[in-house]
Amino acid sequence: MSLQCGIVGLPNVGKSTLFNCLSSAKAQSANFPFCTIEPNVGVITVPDERLNKLSELCKPERVIPTTVEIVDIAGLVKGASKGEGLGNKFLANIRETDAIIHVLRCFDDENVTHVDGLVNPVRDKEIIDAELQLKDLETVESRIAKVQKQAQTGGDKQAKLVYGVLVKYKTALEQGKSARTVLFDTKDEQTAAHDLFLLTNKPVMYVCNVDEKSAVSGNAYVEQVKNAVQEENAEVLVLAAKTEAEIAELDTYAERQMFLEEIGLQESGAARLIKSAYNLLKLKTFFTAGSDEVRAWTFTDGWKAPQCAGVIHTDFEKGFIRAEVIKYANYILYGSENAVKEAGKMAVEGKEYIVQDGDIMHFRFNV
């Protein structure tokens, strides 16, 4: 499954710098708004040491990790919901993403101007929240106008369901709350809500962009952000984007690790961000392993074996018969698939098996 995250934030908060340290692509980074006119897209390999361990044992012809697509979206300004700045273009680009990486400036630097003067990450967050909420309110009101009569006077149960969902969203948005704060009791309501594709219903990760000395412990700005988002279902990540971008330019892994250790970090910002994104979206990884290929696959936590088979190919899900499953720890312990089988540690699972993170899977199917 393809995962796409959009980097958003006010101009000059460090979006393109963050993108540069995450991706081999290089977005223009300059000290003025809208230096990123078109979305820049980069593909990041998901770091997973388990993939390396499996490849050491299998010695395959190729190793294929999972990836995350990162989109650097042009800076938003106040009034974007009414078309200010790159408003409508920004909103169209963000609508296509699975999750939002919201970059907040949490550092002081007189050489980097702030679009609103003083550094205030909570205010910056609220500006973007308000613009997205206004656009969602516009969407909701438009949909209400289309279904209200049908819901109130006709016998269309689906129209009544959708209308009820829309009214709940309208109430929240008019109170300055994001759509993600609205909870629905039934699966039908949840499906109807998801199908509206509201901007403020997307999972969000707040990246507090700090200076190098605050990369490990954060600072007062970071604490302000954490207090402001504590009621949201959101991840908060502290990251020194400029420093991470410098580290990313180093030639070797050993050099990069040495630099990280010097400033008190164990792993790169890219690795921490991807892990946070997976946690936010409730994503897990299963593997396929053999002499030809060792590969990592992304799936949603709670998926059953046929759904995971469908990640590889839709025919695998349609004609699913069974799944042969080896736990990662057992594969590493015994050293090969044959040794695992001989030890009686390979399980044969049916359609109801809930796949676990790290499972090594082999699917049997017939179409």
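Quick caveat, the model's predicted, so the values are computed rather than measured.

Thresholds, definitions, all that
- Residues numbered from 1 in each chain as written.
- Predicted model: local features only at pLDDT ≥ 70, side-chain atom pairs only at ≥ 80, totals over all residues.
- Heavy atoms only, no water.
- Helix = DSSP H or I, 4+ residues; strand = E, 2+ residues; numbered from the N terminus.
- Buried < 20%, exposed > 50% of the residue type's maximum accessible area, 1.4 Å probe, protein only.
- Contact = heavy atoms within 4.5 Å.
- Expected span 1.5 Å × (residues − 1).
- Core = buried A, V, L, I, M, F, W, Y, C linked by side-chain atoms within 4.5 Å.
- Pairing = 2+ DSSP bridges.
- Axes fitted to C-alpha atoms, helices over the stretch in contact; angles between N-to-C directions.

A.B. asks: Describe the overall build of the chain, and please don't skip the residues or the numbers.
C.D. replies: Helix and strand content of the chain: 14 helices and twelve strands. Split into buried and exposed, the 367 residues of the chain put 49% on the buried side. For the chain, long-range pairs separated by at least 24 residues make up 69% of all intrachain contacts whose partners lie at least 6 apart in sequence.

A.B. asks: How would you explain helix 10 (residues 269-280) if you had to name every residue and give the values?
C.D. replies: When the terminal C-alpha atoms of helix 10 are compared, their 16 Å separation across twelve residues agrees well with the 16 Å that a helix rising 1.5 Å per residue should span. Where burial is concerned, most of helix 10 is hidden: ten out of the twelve residues are buried. When we look at burial in helix 10, the residues that qualify are Gly-269, Ala-270, Ala-271, Arg-272, Leu-273, Ile-274, Ser-276, Ala-277, Tyr-278 and Leu-280. Backbone geometry just after helix 10 places Lys-282 at a positive phi near 55 degrees.

A.B. asks: Explain the nonpolar core residue by residue, including any values.
C.D. replies: Membership of the largest hydrophobic core comes to 58 residues, with the highest contact counts inside it found for Leu-18, Leu-22, Ile-70 and Leu-273. When neighbours within four sequence positions are excluded, Leu-273 is seen to be in contact with Leu-18, Leu-22, Ile-101, Met-205, Val-207 and Leu-237. Judged by nonpolar contacts, the second largest core, of 21 residues, contains Leu-137, Val-165, Tyr-169 and Leu-196.

A.B. asks: Before we move on, can you summarise the sheet that holds strand 7 (residues 235-239) with the specific residues and values?
C.D. replies: With mixed pairing, the six strands of this open sheet are ordered in space as 2-4-1-5-6-7. Bordering the open sheet on either side are strand 2 (40-45) and strand 7, each of which pairs with just one other strand. Averaged over all neighbouring strand pairs, the angle between strand axes comes to 25 degrees, with direction disregarded. For strand 6 (residues 204-209) and strand 7, the ladder comprises five bridges, and the chain directions are parallel. Across the sheet, the residue bridging to Cys-208 is Val-238, located in strand 7. Contacting strand 5 (99-105) and strand 6, helix 4 (residues 121-153) runs over the sheet at an angle of about 145 degrees to strand 5. Against the sheet, helix 7 (residues 220-228) contacts strand 5, strand 6 and strand 7, and its axis sits at roughly 165 degrees relative to strand 6.

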